[in-house]
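A look at the structure
For reference, the chains in residue letters:
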Amino acid sequence: MNDKYNIFTIKAPGILDQLRSHVVVANPSNKDIAFGTMAVWDTGSPICFISEKLRRLLNLEFSRELPGYGIFAKGSINYGLVSIRLVARGRFFDVMAAVTPDLHRGPDCQAIIGMNIITKGQLMVSFKDNSTIFSFSIPAVDNNDLVDTAVSNDLETSFGYIDTSDDFSPEA
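The structure presented is a predicted model; accordingly, all values stated were derived computationally and were not measured. Residue positions within a chain follow its written sequence, with the count starting from 1. In keeping with the predicted nature of the model, local features appear solely for residues at pLDDT of at least 70, side-chain atom pairs appear and are counted solely at 80 or more, and the whole-chain, interface and lining totals rest on all residues. Neither water nor hydrogens contribute to the side-chain values; these are computed over all heavy atoms in the structure.

As a further point, take the overall build of the protein. Helices and strands together make up the secondary structure of the protein, namely three helices and eleven strands. The cut-offs for exposure are 20% and 50% of the maximum accessible area for each residue type, with area from a 1.4 Å probe on protein chains only; residues under the lower value are buried, those over the upper are exposed, and the others partly exposed. Out of the 172 residues belonging to the protein, those deemed buried represent 51%. In this description, contact between two residues means that some pair of their heavy atoms is separated by no more than 4.5 Å. Counting contacts in the protein only where the partners sit at least 6 residues apart, residues at least 24 apart contribute 63% of the total. When the accessible surface of the protein is split by element, carbon and sulfur atoms take 49% of a total near 8800 Å². Put simply, DSSP marks the helices as runs of H or I at least four residues long and the strands as runs of E at least two long, and each gets a number from the N terminus on. Note on areas: Shrake-Rupley with a 1.4 Å probe; residue coverage comes only from the protein chains shown.

Structure follows, in structure tokens:
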């Protein structure tokens, strides 16, 4: 993989109702405290989210609050800095994330990737040969073709992520 890019492509059979990938979320003060989890990519979310369970595992204290209007929160929600790695052996990106008690995305999903990461790169979703192809790169690639540039990972199911590397931390 080119060190300049943090890039991946995921191919899944059929039409997906969610874009999901494996990520590593770390404590930005001590990246040795890190956990792998599934994350849903949500272009309607202005910032990233992590579950309360993941916040506790990362030993993070979020004291800042912002108004929470939406499915997951009413009133105010706590937020703070987290580090997120999108690809195995890729670099961490420090971003703001809010904490919510439950992401309502299943027990294997402890994070939501919001626009504060998505706008840092290039997101492409396409449908070809009865498969959904989801690609992302930070920074955007010069040739506008993420599928040819990225290392492909074929999926067995619509929601799983197969990664043969041993670089991801244990699941959160």
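Anyway, onward from the coordinates.
Attention shifts here to the pairing of strand E8 (residues 109-113). For E8, a buried count of five out of five residues is recorded, marking the element as mostly surrounded by other parts of the structure. Sheet analysis places strand E3 (residues 30-41) next to E8, joined by four bridges and oriented parallel. Following the sheet pairing, Trp41 is matched in E8 by Ile113. Whether two strands pair comes down to DSSP finding at least two bridges between them. Looking at chain direction, strand E4 (residues 48-51) and E8 are connected through two bridges and run antiparallel.

With that out of the way, let us pick up the packing of aromatic side chains. Stacked, tilted and edge-to-face are the three classes applied to pairs of Phe, Tyr and Trp rings, where Trp contributes its six-membered ring and a pair requires centres within 6.5 Å; stacked means planes under 30 degrees apart, edge-to-face means over 60, and tilted covers the rest. If you walk through the whole model with that rule in mind, you get five aromatic pairs. A centroid spacing of 5.9 Å and a plane angle of 65° characterise the contact between Phe8 and Trp41, whose relative ring orientation is edge-to-face. Of this pair, Phe8 sits in strand E1 (residues 6-13) while Trp41 is found in strand E3, placing the two residues 33 residues apart along the sequence. A relative accessible area of 6% places Trp41 in the buried class. Both rings, one in Trp41 and one in Phe134, keep their centres 5.2 Å apart while their planes meet at 75°; by these two values the pair is edge-to-face. Taken together, the residues span a long stretch of sequence, with Trp41 in strand E3 and Phe134 in strand E10 (residues 131-138) at a distance of 93 residues. Judged on exposure class, the residue Trp41 and its partner Phe134 are both buried. Among the aromatic residues, ring-to-ring pairing joins Phe8, Trp41, Phe134 and Phe136 into one connected group.

Moving on, we get to the environment of Ala12. Within the secondary structure layout, Ala12 lies in strand E1. Residue Ala12 is classed as buried on the basis of its relative accessible area, which comes to 1%. When the C-alpha atoms of Ala12 and Thr132 are compared, they prove to be 5.3 Å apart, with 120 residues separating the residues in sequence.

For strand E7 (residues 92-100), the tally of buried residues reaches seven of nine residues, placing the bulk of the element in the interior. Bridge count between E4 and E7: four bridges; the pairing is parallel. Residue pairing for E7: Ser51 is matched across the bridge by Thr100.

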